[in-house]
Amino acid sequence: MSDQAVETRDLVREYKGGVKAVDGVSLTVESGGIFGFLGPNGAGKSTMVRMLTTLLRPTSGTAIVAGHDVMKEPGIVRRRIGVALQDAAIDPYMTGRELLRLQGVLHGMKRADCRARADVLLGRVDLEDAADRRVGTYSGGMRRRLDLALSLVHEPVVLFLDEPTTGLDPVSRVTLWDEVRRLNVEHGTTVFLTTQYLEEADQLADRVAIIDGGLIVADGTPKALKARIGYPLLSVVAADGSTPDDVARVLSGFGEMVPGARDGGAAVRLPGGSTAMADAVRALDDAGVRFAEIDLAEPTLDDVFLASTGRHLAGSDDATA
Amino acid sequence: MTAAIPVIRQTAALAWRSIVTTIRLPQAWFPALFFPLVLMAIFTASFGGAPGTIPGFPPVRSFLDFAVSGAIIQGVLIGGTSAGAAFATDIEGGFFDRLVASPTSRTSILTGRLGASIALGVGQALLFISVAAIFGARVDGGVLGIFIVVVIATLFAAAVGGLGIFLALRTGSGEAVQGMFPLFFALLFFSSAFFPLDTMVGWYHDVAALNPITYLVESMRLEIIGGATIWTALTGIGIALGLAVITVGASALALRRRLRVAA
């Protein structure tokens, strides 16, 4: 047994017309953690998951999942992984309990085990009361929870969740996060999670990789990635006859200017950290520049994304739709 | 242990799921029961006087006896189209992906859906024969006759199911599969499903005479109205089996192709 839940080398998937959705990804995911695979729509996240779950054949490169090659031993990989794909694939005319039992049979479990396992999982995702209702009557959050339970029927070693909370309301999202965390801590299941939400990766993942245009542009713990950006961001909004240019002229003496600041203001990365903030304020005062708002922010994953790709990511405050 | 046991269990479980979802969705089964029965009633009322008065009409006790086999074929055709559309919806909706990403055997993905089509087809055949019997129809061939009718219905259900699955796998769209239905319906009308070949004239007669459905219907019909021989029975069974082998084979190839190309 290897200690890696997922290990890919130069993985490529090329679609018809030469479009490379995944363009040479080498990635190692250690067993036991929650791995956040972050990227905007169309970055290659789903293509990557489909290759790792044996649904899509890589054009080139290798992928080892749960200790087995997805191309050479797809059958073994399928027995060891759980998969909950985007757009919960659930029969509206079946009940939650029926679907869980069916999934058990498909995994070759004994009838009695299927029943027992369904009961356990319904309890775990808090769907006992809705167990015998048709799935068509479930809310979005309930469907995702059932989808999660379905992917856990055979106690997988590695669990793939493709955008598990896209489209969910904030409360349902937090409920699902708690469940994923519990799964990871109490059952030791390695979770490979794709998301386009920074907050989700930040909240859940102990390691994050950012994919953009089919390439990994950043990879590490959220903390390390933020530290790589380094310095906190000071943004100042001009007021009372002062212009953003006036503000920028003063701030540029304190560090590297950052584009994309709020309207009517300027922003700078402060290598001096929070102590430099006082100096900056004094300097603005001395120069007679008046300002209305001042804000010092620690780096976020969006800063990491911005620094890696030159763009903001959906779900961050600065992102424009 | 043998590899066959999980395949059989998975097939049974998937067939059960297909049947349950069909029964719970009235749109899926209602047309397959309603239209054949209504057409059978309308034609029987409209052409009740046809036997014995129209030249070319076969000797028959009543028009209803004549109409039963056409209704069975029509019902199986409608049911098979819905099953194909449901399979396509599984592909669109992601249920298919969930199966493929699990250790579910590739065979049972097909045999489960086919098993459901066959079970529903047998149910239809028995139901239509029973309803017709209530209104006075008789099966001349007796229990053996009914058995042969059901065997042909079973094989035809497999053939239509195979065609539906094939179309679903190639198009991946429930609407596209459902959209083929008028074509199937035309195929049904260009056969002796509702009227005997001998009363047809011109090119219409020639088309119907080339249509394999004509020979399926005739084979079943002779079991009901009388005049069947071992050869007429074997002709019907043989044609239905041939169609089933072709479409199920094509659907198996289409599945392999879809899994190989994989999106």
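Only a predicted model underlies this, so the values are computations on that prediction, with no experimental measurement involved.

Right, let's get into the overall build of chain B. Scanning chain B from N- to C-terminus turns up eleven helices and zero strands. Listing each helix as α and each strand as β along chain B from the N terminus yields α-α-α-α-α-α-α-α-α-α-α. Radius of gyration (C-alpha) of chain B: 19 Å, near the 18 Å computed for a compact globule of 263 residues. For chain B, the spread of C-alpha atoms along the principal axes amounts to about 60 × 40 × 35 Å.

One finds V65 and F192 of chain A together with V68, F156 and L216 of chain B to be the most contacted residues of the largest nonpolar core, which totals 149 residues. Ranked by residue count, the leading element in this core is helix α6 (residues 142-171) of chain B, at 16 residues. The next biggest cluster of nonpolar side chains, apart from the first, holds 15 residues, and it includes V250, L251, A280 and F291 of chain A.

Turning to the packing of helix α3 (residues 63-93) of chain B against helix α5 (residues 106-134) of chain B, a few remarks are in order. Residue and element names in this part refer to chain B. Where α3 meets α5, the closest approach of the two axes is 9 Å, and the angle between their N-to-C directions is 155°. When the axis of α3 is compared with that of α5, the two are roughly antiparallel. The handedness of the crossing between α3 and α5 comes out as right-handed. Residue-level contacts link L64, V68, A71, I72, G75, V76, G79, G80, A83 and F87 of α3 to R113, A116, S117, L120, G121, Q124, A125, F128, I129 and A132 of α5. Here the residues of the contact of α3 with α5 are counted per class, giving 13 nonpolar, six polar and one charged.

This next bit is on the sheet that holds strand β9 (residues 207-212) of chain A. All names here are of chain A. A sheet is described by the order of its strands in space; here six strands give the open sequence β6-β7-β8-β3-β9-β10, paired in mixed fashion. Looking along the sheet, the strands with just one partner apiece sit at the ends: β6 (81-84) and β10 (215-220). On average, each strand axis in the sheet is inclined to that of its neighbour by 15°, with strand direction left out of account. Pairing of strand β3 (residues 34-38) with β9 involves four bridges; the strand directions are parallel. Pairing of F37 across the sheet is with A209, part of β9. Sheet strands in contact with helix α11 (residues 301-309) are β9 and β10, and its direction is about 40° off that of β9.

Moving on to α5 of chain B. Helix length check: α5 of chain B (29 residues) gives 43 Å between terminal C-alpha atoms against 42 Å at 1.5 Å per residue, within 8%. Immediately beyond the C-terminal end of α5 of chain B, within one or two residues, lies G136 of chain B, with a positive phi of roughly 100°.

Another aspect to go through is the pairing of strand β11 (residues 233-238) of chain A. Residues and elements named next belong to chain A. In β11, alternate side chains face the same way, and those of L234, V236 and A238 are buried while those of L233, S235 and V237 on the opposite face are not. Direction of pairing for β11 relative to strand β13 (residues 265-269): antiparallel, over a ladder of five bridges. The residue bridging V236 from the neighbouring strand is A266, located in β13. In the sheet, β11 pairs with strand β14 (residues 291-297) via six bridges, with the strands oriented antiparallel. Across the sheet, residue V237 finds its bridge partner in β14, namely E293.

A few words on the packing of α3 of chain B against helix α10 (residues 212-225) of chain B. Residue and element names in this part refer to chain B. Where α3 meets α10, the axes come as close as 8 Å, and the angle between the chain directions of the two elements is 135°. Classified by the angle their axes make, α3 and α10 are oblique. Every pair of crossing elements has a handedness; the one defined by α3 and α10 is right-handed. Contact residues: α3 offers D65, F66, V68, S69, G70, I72 and I73, while α10 offers I213, L216, V217, M220, R221, I224 and I225.

Right, let's get into the interface of chain B and chain A. Taken together, the contact between chain B and chain A spans 21 residues of the former and 21 residues of the latter. Of all the secondary structure elements, the ones that give two or more residues to the side of chain B that touches chain A are α1 (4-24) and α4 (95-100) of chain B. Grouping the constituent residues of the side of chain B that touches chain A by class yields ten nonpolar, six polar and five charged.

Domain boundaries in chain A define domain 1 (4-221) and domain 2 (231-298). Put simply, the middle of domain 1 of chain A and the middle of domain 2 of chain A, counted by C-alpha atoms, are 43 Å apart.

Conventions adopted
Residues numbered from 1 in each chain as written. Chains lettered and ligands numbered in written order. Predicted model: local features only at pLDDT ≥ 70, side-chain atom pairs only at ≥ 80, totals over all residues. Helix = DSSP H or I, 4+ residues; strand = E, 2+ residues; numbered from the N terminus. Rg over C-alpha atoms; globule rule 2.2 N^0.38 Å. Core = buried A, V, L, I, M, F, W, Y, C linked by C-beta atoms within 7 Å. Buried ≥ 20, exposed ≤ 12 C-beta atoms within 10 Å, placed from the backbone. Axes fitted to C-alpha atoms, helices over the stretch in contact; angles between N-to-C directions. Parallel < 35°, antiparallel > 145°, perpendicular 65-115°, else oblique. Left-handed = near helix turned anticlockwise from the far one by under 90°. Contact = placed C-beta atoms within 7 Å. Nonpolar A, V, L, I, M, F, W, Y, C, P; charged D, E, K, R; others polar. Pairing = 2+ DSSP bridges. Expected span 1.5 Å × (residues − 1). Domains from an automatic or database assignment.

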